[in-house]
Amino acid sequence: MEQITVHSNKTYDHGFLIKEQELRRLVDLMSDQHKKTSDNPTKFIFNMKFSNGAVEITDNIDDVLNLDNEGSSSIKSLEIASTQTNNEVENEIKVKLQTLDNEHYYDEKPIKYSIRGQSRDWVFVTSSLIEERITKIKKRNFLFNHDTKRVLKTFSIPFLSMFFLLGIIISMYSKSASLREAQLKAITKIENQWNAKKLSDPVKVIIELEKSRAKNNENVLSVNDIFLSKAFTTIIFLLILSYVSIYLYSKFNPIYNFYWGGYIEVYEKKESRRKLLVSVVLVTLILGIGVNLLSNYIWQLF
């Protein structure tokens, strides 16, 4: 009788923060699931790849947790494979966690698992339990998940162009509005002089109007009026501030973390700096808004 093999595979886009306790629980879960099908021994293989390109394979979880895991010896990927043979039939569970760089970001996923067995119920139950374990180590970072990076990479140039043009349009509109306001003030001044009988000759009135119009025509829109305007510099400043904030946030908020060995200290330093950065930004915004409101209030008093 031909035996049917059942497969289950799934990948995840989000990051992870896996600690020693969670790693041991995951391995214990895989071992317990194999014991439900047979008392035969379960073989574990831990396949690791490091930042310096080295690869290490072991069958002992303690070898994994006793690694330095920092600098060039930091873990970049960890694949846990467990197999058990029962009546010449092999059941297999594989879980892989990996740090993705820019080169492989769109080709790979940070978390994936695969399960193979002869029992449909065993495969489905194991899949459900593995998913629960993965949920426990999930670490989200909306700014740098797969979908967001894909959108940013595709539309970054159009976004920048749009904001650049927006700054130019706002600057041109502001300059035109100021010119219209200046011309209106000049006309109002002449009108007041006419009403006050300071100007009684219609010819002089026409001459004064033409002078004010000529003066406004001299104030044509220049490059400095556009690129040194308050609106344009504000938009450019906000773009630079956004870029710097995103860069610092990503630098101090790593989304792929094998939390043991020397990496614990590295992660905690980044976490403390990220919290400090967020605090400084929030305090600066609150102070800026408060000072602005206070200055407006004082200006209205006087």
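Residues numbered from 1 in each chain as written. Predicted model: local features only at pLDDT ≥ 70, side-chain atom pairs only at ≥ 80, totals over all residues. Heavy atoms only, no water.

**Q** Could you give me a rundown of the pairing of strand β3 (residues 43–50), with the residues and numbers involved?
**A** Going residue by residue along β3, you find F44, F46, M48 and F50 tucked away on one face and K43, I45, N47 and K49 left uncovered on the opposite face. Bridge count for β3 against strand β5 (residues 75–86) is 8 bridges, and the pairing is antiparallel. From the neighbouring strand, M48 faces β5, where its bridge partner is L78. Looking at chain direction, β3 and strand β4 (residues 55–58) are connected through 4 bridges and run antiparallel. Bridge pairing in β4 links K49 to V55. Hairpin connection between β3 and β4: a loop of 4 residues separates the two successive antiparallel strands, and G53 in this loop has a positive phi of roughly 90 degrees. (Buried < 20%, exposed > 50% of the residue type's maximum accessible area, 1.4 Å probe, protein only. Helix = DSSP H or I, 4+ residues; strand = E, 2+ residues; numbered from the N terminus. Pairing = 2+ DSSP bridges.)

**Q** Can you break down the nonpolar core residue by residue, with the values?
**A** Among the nonpolar cores identified, the biggest contains 36 residues, and L23, L78, I80, I130 and W260 are the most heavily contacted of them. Among the elements that take part in this core, helix α1 (residues 20–35) stands out by supplying 5 residues, more than any other. When residues no more than four places from it in sequence are discounted, the contact partners of L23 are I18, I61, V64, L65, L78, I80 and W260. (Core = buried A, V, L, I, M, F, W, Y, C linked by side-chain atoms within 4.5 Å. Contact = heavy atoms within 4.5 Å.)

**Q** How would you summarise a nonpolar patch on the surface if you had to cite specific residues and measurements?
**A** Judged by side-chain polarity, V278, V281, L282, L285 and I286 come together as a nonpolar surface patch covering roughly 440 Å² of accessible area. Given the relative accessible area of 38%, V281 is considered partly exposed. (Patch = residues over 30% accessible without salt bridge, like charges linked within 9 Å, V, L, I, M, F, W, Y side chains within 5 Å. Areas by Shrake-Rupley, 256 points an atom, 1.4 Å probe, with all protein chains shown as cover. Salt bridge = Lys/Arg side-chain N within 4 Å of Asp/Glu carboxyl O.)

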